[in-house]
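Results of the structural survey
Take a look at the letters that make up each chain.
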Amino acid sequence: MKKTVFLGTLAAAGLTAGMAAATTLEDVVARGELNCGVNTGLVGFAAPDANGNWTGFDVAVCKAVAAAVLGDASKVKYVPTTGQTRFTALASGEIDVLARNTTWTFSRDTDLKLDFVGVNYYDGQGFMVRKDLGVTSAKELDGASVCIQTGTTTELNLADYFKANNMSYQPITVDSNAEGEQQYLAGACDAYTTDASGLAATRAAFADPENHVILPEIISKEPLGPAVRHGDNQWGDIVMWTLNALIAAEEYGVTSANVEELSKGTENPEINRLLGVEGELGAMIGLDKDFGKRAIMASGNYGEIFAATIGESTPIGLARGLNAQWTQGGLLYSPPFR
Amino acid sequence: MATASDAPNQGFRLSQLIYDTRYRSLTIQVVVFILVMGGMAWLIDNTVQNLQQLGKDFNFGFLFNRAGYDIGQQLIPYTNDSTHGRAMLVGLLNTLWVSLLGCVAATVLGIVIGVLRLSNNWLVGRLMTVYVEIFRNIPVLLWILVALAFLTEVTPAPAAYRVNAETGEAQASMLLFDNVAITNRYTAVPAAEFTRGLGAIETPLAPISLNFLALAAVVIASIWFNRRLVANANKVQETTGFRPVTWWKSLLILFGPAIALLVALGFHLVPPELKGFNFTGGVNVSNAFVALWLGLTLYTAAFIAEIVRAGILAISKGQTEAAFALGLRPKRTMNLVILPQALRVIVPPLISQYLNLTKNSSLAIAVGYLDLRGTLGGITLNQTGRELEAILLMMLIYLAISLTISGAMNVYNKSVKLKER
Ligand SMILES: N[C@@H](CCC(=O)N[C@@H](CS)C(=O)NCC(=O)O)C(=O)O
């Protein structure tokens, strides 16, 4: 008898476990908070400011999604993840979205069961060295010690690059950007390598940024974008179209300053659909029709976010380059809202 | 025939399972067994379900794929073209290497400190107490980080050894006749080379140096001959009362053949040289390794010291007094009377310290030393996304290492156990 009762309980437990798998959207709404995976601290991309509020380029994606889904950009719990913990955090459901300088690659998209919903920064891997080393090209780094963050694509690119150029190097493995920065500054490595945007952001935080140079070689393609768990397509669509709304808003000249005004109705039907004046786009992804408007109001359109967090007027000083709108010679191109 | 003392036979009642001491222990065992099996079944079921939900399978094929990453410290040949399996092996060897050196150093240091803590010299005794209390009461991770910070901050960069073309001087200079360079990345020491070397046998695991094999054979043979010499001397002493002089013969037997072999093979040391960014030519012992080793050693030595002290104190004072009465000096009393007896108290807890040290070596990731946790449980896990497989495999390997250590130590323990006759 004991056994049957026990088996019954077991079966019941299994059943409830199966039923508990609600959609991510339902989970987030029920929780009233978005769990967003960010990096552990990279000024400009995601880092807590002096008051402990997270700000940055990746943080803006979290805020836009929270605004679109929950109607409040501040309803985000930021979960710092390292290169090593980020995918497990997403797969286990600890976070709903991963917005952490993460490169979209084939195996991550398929084998790791992630879904990348777009690209919010087109990047490539670079090297930073001390100016007084006198090195002007990555090709001169033969025999150097190189600091490299573990669990990243950059770790693999580095190995490929040195092999392809018949050079040797000594890898100094670090676990986070902070540790890499410390090791590099202490002289434990001659060069620090990661995404060029990350290098710029890291250098901007140095006491003496003028004494460090980023070498001209870009050795890889690093399309960085937000990722969600594979399998929940509705949630993937929500994050994808929130990001697209930010990009499209810049293209059509919708800014945080005029969005309120424009949402009263414009001549341009595309803007009207984006802001929910026309059509029922929101309902198609399980949200209301204002989701695009709220996403834009969170921290402005893509261009505004870029300028405020990592643009040329910030200490990080990144140019738009590849990340300009397609109309400006860049790669940003949102599919139509229709 | 009926007996008066027969217990009233009421048949078997269910409550007897709990209240009757004849059945109680059996009941408890059955219940515990069912609970444990149930717990395991639940865990496995849960895992299978979750894997299914994530659309993942369970397979170890990734171990045969190209790893693609480089490893800083390697005891066997490895490149980024090697497989994840080999990367795991490199990590495993790194784990074993630092654990082995850590256990040896911690034992030596621990015994010295433990014995000195009992010293009659007040200052020495107190100093050792301070050592033990400081090191065992601060987490080992902090000691490892402190050791690394110390090594990186107080030592010069390799570039500081470069001779300035104008002044003809370098900021830092090498030690031991230009043979050793201590830098903030590693300590560069000379490499051993043979001009007339015997080469190596290539095995899939690692090339085995014939020079090394030959040297090992010669040393073992020398030791065996020396033992015979000493045994012979003992025999002579027992029969005649006079001990023949053996020390120079011992020296000759122990070192002569080995030195002759080294000379024959053309053994010499190649000092490291600063070329470009780093020292090359010699062997670079990374600071990550030294920091990890130092941290583990200093920390574990504090525990071993306490174990040794307890072991010595466990031997009754009468033993010391008896030894003194026989005219043995304190040092010989310690070596011949106290320590051999103390060993049987010391060895069992010592085993757990060795196990602790080995497991603590997985903190290596904090200083970027790629051990098993860093390769299999770190980069490989992350690059392949095989969390479950990698972690399970890692647990199995650590379990196997631990069981091997305790097995070996138990054999040793048997040999030092008090032999009761
Ligand atoms: N894009 C690469 C590298 C990402 C990465 O780790 N970037 C670093 C520097 S750009 C970072 O975000 N570090 C912050 C942290 O350590 O939390 C990848 O996805 O693997």
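Computed from a predicted model, the values in this text were never measured in an experiment.

1. Some details on the overall build of chain A
In terms of regular secondary structure, chain A is built from 14 helices and 14 strands. The globule rule puts the C-alpha radius of gyration for 338 residues at 20 Å, and the 22 Å found for chain A is close to it. On the principal axes, the C-alpha backbone points of chain A span a range of 70 × 65 × 40 Å. Counting every position in chain A, which comprises 338 residues, the buried fraction comes to 54%. Put simply, of all contacts in chain A between residues at least 6 apart along the chain, 70% involve residues at least 24 apart. The averaged location of the 40 negative side-chain charges in chain A is 5 Å from the averaged location of its 24 positive side-chain charges.

2. Some details on the site of the ligand
All names here are of chain A. Around the ligand sit 21 residues in total, of which Thr-40, Thr-103, Thr-153, Asn-177 and Asp-195 are the nearest. Here an oxygen atom of the ligand sits 2.9 Å away from a polar atom, N or O, in the side chain of Arg-108. A distance of 3.2 Å separates an oxygen atom of the ligand from a polar side-chain atom of Gln-149. Contact with the protein chains removes 100% of the 510 Å² of surface that the ligand exposes when unbound. Elements that contribute at least two residues to the shell around the ligand include exactly strand 11 (191–195) and strand 13 (222–224). Its residues placed into classes, the shell around the ligand shows two nonpolar, 14 polar and five charged.

3. What to know about the state of the cysteines
Residue and element names in this part refer to chain A. This structure, assessed with the given rule, holds two disulfides over all chains. Between the sulfur atoms of Cys-36 and its disulfide partner Cys-62 the distance amounts to 2.0 Å. Around the S-S axis, the bridge from Cys-36 to Cys-62 shows a dihedral of about -70° and counts as left-handed. Of this pair, Cys-36 sits in strand 1 (residues 34–39) while Cys-62 sits in helix 3 (residues 57–70); the two residues are 26 residues apart in sequence, bridging distant segments of the chain. There is no split in this pair, since Cys-36 and Cys-62 are both buried. Note that Cys-147 is cross-linked by a disulfide to Cys-189, the S-S spacing being 1.9 Å. On the S-S bond that ties Cys-147 to Cys-189, the torsion sits near -95°, and the link is left-handed. Remark: Cys-189 occurs in the loop between helix 7 (177–185) and strand 11 and Cys-147 occurs in strand 9 (residues 144–149); sequence separation between them is 42 residues. An identical accessibility class is assigned to Cys-147 and Cys-189; each is buried. For chain A, the disulfide bridges join cysteines in the arrangement 1-2, 3-4, where the cysteines are counted in sequence order.

4. Observations concerning the packing of aromatic side chains
Throughout the structure, instances matching the rule amount to 27 aromatic pairs over all chains. Considering the side-chain rings of Phe-127 of chain A and Tyr-161 of chain A, the 6.0 Å spacing of their centres and the 45° angle between planes classify their relative orientation as tilted. Here Phe-127 of chain A, found in strand 8 (residues 125–130), pairs with Tyr-161 of chain A, found in helix 6 (residues 153–164); they are 34 residues apart in sequence, far enough to count as distant. Note on Tyr-69 of chain B and Tyr-78 of chain B: the rings are 6.5 Å apart at their centroids and 50° apart in plane angle, and the pair reads as tilted. Classification of Tyr-69 of chain B as buried rests on a relative accessible area of 0%. Taken together, the ring pairs connect Phe-45, Phe-57, Tyr-121, Tyr-302 and Phe-306 of chain A into an aromatic cluster.

5. Remarks on a nonpolar patch on the surface
There is a patch of nonpolar side chains on the surface, built from Leu-26, Ile-28, Val-30, Val-32, Phe-33, Ile-34, Val-36, Met-37 and Met-40 of chain B and spanning about 800 Å² of accessible area. Structurally, the position occupied by Val-36 of chain B is in helix 2 (residues 21–54).

6. Comments concerning the pairing of strand 10 (residues 169–174) of chain A
Residue and element names in this part refer to chain A. Most of strand 10 sits out of view: five of its six residues are buried. Bridge analysis of strand 9 against strand 10 gives six bridges, and the strand direction is parallel. Across the sheet, residue Ala-144 finds its bridge partner in strand 10, namely Tyr-169. With helix 6 bridging strand 9 and the parallel strand 10, this β-α-β connection has right-handed handedness.

7. Considering the environment of Cys-147 of chain A
All names here are of chain A. Residue Cys-147 is classed as buried on the basis of its relative accessible area, which comes to 0%. A C-alpha to C-alpha distance of 9.8 Å links Cys-147 and Phe-127, two positions 20 residues apart in sequence. With residues near it in sequence (within four places) discarded, Cys-147 still touches Ile-172, Gly-180, Gln-183, Tyr-184, Cys-189, Ala-191, Tyr-192 and Thr-193.

8. Thoughts on the interface of chain B and chain A
Accessible area lost on assembly of the parts is the figure often given for the size of an interface. Facing 37 residues of chain B, the contacting portion of chain A comprises 43 residues. Interface area for chain B against chain A, summed over the two sides, is near 3,100 Å², with a carbon-plus-sulfur share of 50%. Linking chain B with chain A are four salt bridges, by the criterion used here. Close ionic contact of Arg-185 of chain B with Asp-190 of chain A constitutes a salt bridge, the shortest N to O distance being 2.7 Å. Sorting the residues of the side of chain B that touches chain A by element identifies helix 2, helix 5 (140–154) and helix 11 (372–384) of chain B as the ones contributing at least two each. Looking at the side of chain B that touches chain A, its residues break down into 12 nonpolar, 17 polar and eight charged.

9. Quick word on the sheet that holds strand 10 of chain A
Residue and element names in this part refer to chain A. Spatial ordering of the open sheet is given by 10-9-11-8-12, a layout of five strands whose pairing is mixed. Every other strand in the sheet has two partners, leaving strand 10 and strand 12 (212–214) as the edge strands with one partner each. The average angle at which neighbouring strand axes cross in this sheet is 30°, direction not considered. Pairing of strand 9 with strand 11, which is carried by three bridges, proceeds in the parallel orientation. Following the sheet pairing, Ile-148 is matched in strand 11 by Thr-193. Against the sheet, helix 6 engages strand 8, strand 9, strand 10 and strand 11, with an angle of about 155° to strand 9.

10. Re the confidence of the model for chain A
Overall, the prediction assigns chain A a mean pLDDT of 90, with 94% of residues at 70 or greater. Low pLDDT, under 50, characterises residues 1–20 of chain A; the stretch is placed with six contacts to residues that sit more than four places away or in other chains.

11. With respect to helix 11 of chain B
Taking 1.5 Å of rise per residue, 13 residues should cover 18 Å, yet helix 11 of chain B covers just 16 Å from first to last C-alpha, more than 12% shy of that figure. Helix 11 of chain B sits mainly inside the fold: 12 of its 13 residues count as buried. Within helix 11 of chain B, the full set of buried residues consists of Leu-372, Gly-374, Thr-375, Leu-376, Gly-377, Gly-378, Ile-379, Thr-380, Leu-381, Asn-382, Gln-383 and Thr-384 of chain B. Contacts from the buried residues of helix 11 of chain B go to helix 4 (86–91) and helix 6 of chain A together with helix 3 (84–117) and helix 12 (387–416) of chain B. Looking one or two residues past helix 11 of chain B, Gly-385 of chain B carries a phi angle of roughly 70°, positive in sign.

Definitions and cut-offs
Residues numbered from 1 in each chain as written. Chains lettered and ligands numbered in written order. Predicted model: local features only at pLDDT ≥ 70, side-chain atom pairs only at ≥ 80, totals over all residues. Heavy atoms only, no water. Helix = DSSP H or I, 4+ residues; strand = E, 2+ residues; numbered from the N terminus. Rg over C-alpha atoms; globule rule 2.2 N^0.38 Å. Buried < 20%, exposed > 50% of the residue type's maximum accessible area, 1.4 Å probe, protein only. Contact = heavy atoms within 4.5 Å. Lys, Arg positive; Asp, Glu negative; His and termini not counted. Charge placed at Lys NZ, Arg CZ, Asp CG, Glu CD. Near = heavy atom within 4 Å. Polar contact = N/O pair within 3.5 Å; in protein donor to acceptor, adjacent residues only side chain to side chain. Areas by Shrake-Rupley, 256 points an atom, 1.4 Å probe, with all protein chains shown as cover. Nonpolar A, V, L, I, M, F, W, Y, C, P; charged D, E, K, R; others polar. Disulfide = S-S within 2.5 Å. Phe/Tyr/Trp six-rings, centres within 6.5 Å; stacked < 30°, edge-to-face > 60°. Patch = residues over 30% accessible without salt bridge, like charges linked within 9 Å, V, L, I, M, F, W, Y side chains within 5 Å. Salt bridge = Lys/Arg side-chain N within 4 Å of Asp/Glu carboxyl O. Pairing = 2+ DSSP bridges. Right-handed = clockwise from strand over helix to strand, strands pointing away. Buried area = accessible area lost by both parts, 1.4 Å probe. Axes fitted to C-alpha atoms, helices over the stretch in contact; angles between N-to-C directions. pLDDT = per-residue confidence, 0-100. Expected span 1.5 Å × (residues − 1).

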